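Next come the chains, spelled out residue by residue.
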Amino acid sequence: MRKWLQSFYYILTLRDKILILFILIIVSVLTVLGYLATNISSGIIIDKTEKSAGRELELIDSNLYTLMSSIEDYSKVVATNNRVQSLLRTLTDKIAADEQSDGQIDVISMRPEMYGAVAHIISPNTPVFAVSVFLNNQVVYSDSMIDQSSIRSMIGEEFLASAQQLQKPVWSDLMRLKLNDGRYEHVFAVAKLVIDLNKGDNIGIVILFIGEQQMSRIFSANKGDQTNKRYIVRNDGQIISAEDSSELNQNLMEAIQIEDWQFNRLLMDKKMVMNRGGNSYLLSLQKVDTIDWNIVSFESMEEIRRDNAKIQRFILIIGAFCLLFALVSSYYISNTVTRPIQKLARIMIQVRRGEMNIRADHANNREIGLLTHGFNSLMNRVEQLLEDNVNEQKLKQEYELKLIQSQMNPHFLYNSLETIISLNKLERYDEAIQVTRTLADFYRRSLSRGKDIITVGEEVRIIHNYLKIQNLRYSNYMEFSIDIAEDIHEYAMPKLTLQPLVENSIYHGLKFKGNKGKLEIHGCLQQGCIILTVCDNGVGMPEEKAAALMQQHHPTRKSSQDSFGLRSVDRRIKLLYGNDYGLHITSELGLYTRVTVTIPALMMEG
């Protein structure tokens with residue numbers, strides 16, 4: 001498939017390639033923009049929905065707090081009312097005096113007075129549904145509408161004990177209160193301990209009943225979308241208040257069809273998005289600070305899906321118009337651009353046939369005009385390039401000449417002759433003869449009958465002769481070793497490549513060391529290349545100076561003279577084999593200097 005696409009692409013004309021490229025760019029850009037726009041808009045709508053739900057729950061929580069506070073205030077007013085306290089004190093004293101053992105309290109006579117005292121406080125306009133009064137865990141008063149027998153079964157001793165212990169209004173969970181007419185009402189109970197304001201002892205408990213509708217009415221007052229649901233649930237998930245009374249006392253997980261782990265996650269994260277039946281829903285939770293209740297919001301995110309669908313349709317419509325515009329404009333541009341290029345291509349075909357004098361007409365278009373002008377300039381420069389090639393060859397010969405002149409330094413010859421004279425004066429004739437022969441062999445091999453390319457083995461013998469003479473003169477601060485692999489001796493290399501490197505190591509590295517140093521020469525074959533290294537443990541040099549030695553220009557004349565031998569060797573190798581080969585210098589001040597020569601592994605011709 002890939003090869004077929006490549007072959008198909010290659011046979012297309014430039015106009016067709018531009019046209020296809022325009023289409024691909026437009027489609028890609030529209031796809032990316034559509035994807036980003038859809039996701040960004042969806043994220044914005046979701047964030048907006050989450051914030052709206054959060055504000056709505058905060059408002060419900062505020063209203064719920066206000067309602068609960070007002071009801072608790074009513075319980076405090078009833079508990080501190082003088083007539084209520086007087087009646088309960090009288091009843092308490094009577095019980096204590098009579099010492100009734102059966103636990104039954106005769107309260108029939110005091111009910112009218114208690115009704116008058118309570119009715120004065122709890123009017124029909126208050127959220128309180130009904131009132132009961134307990135004394136010694138027995139009902140001593142209740143509203144006439146309530147079935148008194150059901151009150152005692154609803155209000156347990158644990159609930160009454162918590163009111164006595166906390167001495168503040170205590171809320172119950174949702175209860176079903178039976179009325180005298182046989183109906184049941186879902187209510188909450190608020191118990192408040194009655195403390196004698198004169199003596200400070202407990203004389204009873206006032207219980208206010210509040211209809212669950214008072215709670216669910218808060219949801220309707222703060223509801224934004226009629227399709228959404230609001231609940232008050234306990235920490236275990238039981239619904240204690242809902243807009244739909246049929247969902248009361250159900251488990252929230254069953255009502256909205258979520259798992260236990262999802263509800264636990266909602267308790268921790270306060271919000272989550274869930275999927276059910278192909279639709280998405282947003283669950284939000286607000287903790288009620290004063291009691292272990294939670295306000296839960298269940299909202300459909302169908303509106304987000306509809307908005308995203310509108311955005312996608314809009315993007316598709318815009319994309320279709322853009323694609324149509326791209327087709328028309330790309331066809332026009334491709335024709336405008338490719339027509340002069342095709343003409344220039346035909347001229348270049350004539351040039352390939354050998355018609356070197358042909359030139360292209362300048363186009364009106366600025367870019368195409370530059371292209372045709374560049375083509376004409378290229379043709380005009382052919383002769384100049386040929387001349388530059390000749391000059392390059394001359395430059396190569398000049399570098400080779402300078403290299404030979406640099407390596408055949410007369411000072412080396414003078415110093416060698418003085419060494420021979422000194423040995424004769426010391427009557428060390430055998431050594432003088434050996435130095436003379438070594439010097440003669442060095443120059444004989446260096447000249448190499450005018451050949452510039454010799455074998456690695458010949459280069460090794462030249463450098464060995466050179467080092468033998470130098471070691472005799474500088475035996476106090478120099479020793480050397482040569483380790484060139486035998487398998488590379490027959491490969492070709494430029495003559496006098498190593499001698500300038502060795503000379504630099506002696507005169508600029510070992511000579512200033514202060515004690516005896518060592519010069520090591522290694523050579524091997526690596527990945528089709530000959531690698532030769534000249535390493536000394538002399539004074540070394542900073543990294544910056546090592547890097548500067550191979551530059552074409554240096555700031556001082558002295559530095560230029562010191563590095564000319566190295567640069568000439570590097571330049572010569574690059575002229576012969578290319579820029580991938582040459583010298584590489586690494587050095588560390590006070591430790592070492594290593595020069596690496598890399599040349600291709602080519603066998604000696606002839």
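Everything below is about the structure shown above.
Because the structure is a prediction, the values reported are computed rather than measured.

Caption draft 1: Layout of the overall build of the chain. If you tally the helices and strands in the chain, you get 18 helices and 18 strands. As presented, the chain carries roughly 34,500 Å² of accessible surface, and 53% of it is formed by carbon and sulfur atoms.

Caption draft 2: Focus on helix α9 (residues 260–269). Listed in full, the buried residues belonging to α9 are Q262, F263 and L266. One face of α9 carries all of its buried residues, which in axial projection span an arc of 100°. Facing away from the buried side of α9, by more than 90 degrees, are the exposed residues W261 and M268. Lining the buried residues of α9 we find β7 (229–234), α8 (252–255), β9 (271–276), β10 (279–287) and β11 (293–300).

Caption draft 3: Region of interest: the pattern of salt bridges. All told, the structure shown has 13 salt bridges when counted by the stated rule. Among the ionic pairs, R89 bridges to D201, the shortest N-O distance being 2.5 Å. With a gap of 112 residues between them, R89 in helix α3 (residues 82–98) and D201 in the loop between β5 (184–195) and β6 (202–211) connect regions that are remote in the sequence. The class for D201 is partly exposed, based on a relative accessible area of 30%. Residues participating in the shared-partner salt-bridge network are R89, D93, D196 and D201.

Caption draft 4: View of the packing of helix α15 (residues 456–473) against helix α16 (residues 498–510). The N-to-C vectors of α15 and α16 enclose an angle of 20°; their axes lie 10 Å apart at closest approach. Taken together, the axis directions place α15 and α16 in an arrangement best described as roughly parallel. Handedness of the α15/α16 crossing: right-handed. Of the residues in α16, those touching α15 at E459, I463, Y466, L467, Q470 and R473 are L498, Q499, V502, E503, I506 and Y507. Grouping the constituent residues of the contact of α15 with α16 by class yields seven nonpolar, two polar and three charged.

Caption draft 5: Representation of the pairing of β9 within the structure. Strand direction decides the pairing type here: β9 and β10, joined by six bridges, are antiparallel. Residue V273 lies in a different strand from β10, and its bridge partner there is L282. Taking the residues between adjacent antiparallel strands as the criterion, β9 and β10 are bridged by two residues, where G277 takes a positive phi near 60°.

Caption draft 6: Examining the sheet that holds strand β18 (residues 592–600) more closely. Across the sheet, which stays open at both edges, the five strands sit in the order β13-β15-β16-β18-β17 with mixed pairing between neighbours. Only two strands of the sheet have a single partner each, and these edge strands are β13 (478–484) and β17 (582–588). Ignoring strand direction, the axes of neighbouring strands in this sheet form an average angle of 15°. By the bridge criterion, seven bridges tie β13 to strand β15 (residues 517–526) in an arrangement that is parallel. Within the sheet, the bridge partner assigned to E479 lies in β15 and is K518. Where α15 meets the sheet, its contacts fall on β13 and β15, and the angle it forms with β13 comes to roughly 170°.

Caption draft 7: Representation of the nonpolar core. In this structure, M114, W171, M215 and W293 are the most contacted members of the largest nonpolar core, which totals 62 residues. No other element matches helix α2 (residues 14–80), which puts eight residues into this core. Discounting chain neighbours no more than four positions away, the residues touching M215 are L64, L67, M68, W171, F188, I232, S241 and W293. With 34 residues, the next largest nonpolar core counts Y466, Y477, I488 and V569 among its residues.

Caption draft 8: Quick look at the packing of aromatic side chains. By the definition in use, this model includes four aromatic pairs. Ring geometry for Y281 and F298: centres 4.9 Å apart, planes at 15°, overall stacked. Taken together, the residues Y281 in strand β10 and F298 in strand β11 connect sequence positions 17 residues apart. Arranged with centres 6.4 Å apart and planes meeting at 75°, the rings of Y577 and Y581 form a pair that is edge-to-face. Residue Y581 is classed as partly exposed on the basis of its relative accessible area of 21%. Feature note: the residues W171, F188 and W293 constitute an aromatic cluster, connected by ring pairs. It is R176 that lies over the ring of Y184; its NZ or CZ is 4.3 Å from the centre.

Caption draft 9: Fine view of the environment of L496. Following the sequence through the fold, L496 ends up in the loop between β14 (492–494) and α16. On the basis of relative accessibility, which here comes to 2%, the residue L496 falls in the buried class. Counting along the chain gives 42 residues from L496 to I454, while the straight-line C-alpha distance between them is 9.2 Å.

Caption draft 10: Spotlight on the pairing of β7. Of all six residues in β7, five are buried; the element is thus mostly enclosed. Bridging between β7 and β11 involves six bridges; their strand directions are antiparallel. For R234, the partnering residue across the bridge sits in β11 and is W293. Two strands pair when backbone bridges link them, and β7 and strand β8 (residues 239–242) are joined in this way by three bridges, in the antiparallel orientation. Across the sheet, residue I232 finds its bridge partner in β8, namely S241. Connecting β7 to the antiparallel partner β8 that follows it, the hairpin turn spans four residues, and G237 within it adopts a positive phi of roughly 100°.

Caption draft 11: Layout of unusual backbone geometry. The phi dihedral of N136 is positive, around 55°, even though this residue is not glycine. Tracing the backbone shows N136 in the loop between β1 (128–135) and β2 (138–142). The exposed category is assigned to N136, whose relative accessible area is 54%. Of note in the backbone geometry, K270 takes a positive phi value of approximately 75° without being a glycine. Looking at the element boundaries, K270 is found in the loop between α9 and β9. K270 gets classed as partly exposed once you look at its relative accessible area, which sits at 37%.

Caption draft 12: Fine view of the sheet that holds β9. Taken in spatial order, the five strands of this open sheet run β8-β7-β11-β10-β9, and their pairing is antiparallel. Every other strand in the sheet has two partners, leaving β8 and β9 as the edge strands with one partner each. The average angle at which neighbouring strand axes cross in this sheet is 25°, direction not considered. Contacting β7, β9, β10 and β11, α9 runs over the sheet at an angle of about 150° to β9.

Caption draft 13: Spotlight on the environment of I453. Within the secondary structure, I453 is located in strand β12 (residues 453–455). Through-space distance from the C-alpha of I453 to that of P494 is 4.6 Å; in sequence the pair is 41 residues apart.

About the criteria used
- Residues numbered from 1 in each chain as written.
- Predicted model: local features only at pLDDT ≥ 70, side-chain atom pairs only at ≥ 80, totals over all residues.
- Heavy atoms only, no water.
- Helix = DSSP H or I, 4+ residues; strand = E, 2+ residues; numbered from the N terminus.
- Areas by Shrake-Rupley, 256 points an atom, 1.4 Å probe, with all protein chains shown as cover.
- Buried < 20%, exposed > 50% of the residue type's maximum accessible area, 1.4 Å probe, protein only.
- Arc of directions from axis to C-beta.
- Contact = heavy atoms within 4.5 Å.
- Salt bridge = Lys/Arg side-chain N within 4 Å of Asp/Glu carboxyl O.
- Axes fitted to C-alpha atoms, helices over the stretch in contact; angles between N-to-C directions.
- Parallel < 35°, antiparallel > 145°, perpendicular 65-115°, else oblique.
- Left-handed = near helix turned anticlockwise from the far one by under 90°.
- Nonpolar A, V, L, I, M, F, W, Y, C, P; charged D, E, K, R; others polar.
- Pairing = 2+ DSSP bridges.
- Core = buried A, V, L, I, M, F, W, Y, C linked by side-chain atoms within 4.5 Å.
- Phe/Tyr/Trp six-rings, centres within 6.5 Å; stacked < 30°, edge-to-face > 60°.
- Lys NZ or Arg CZ within 6 Å of the ring centre and 35° of its normal.

These figures capture arrangement, not role.
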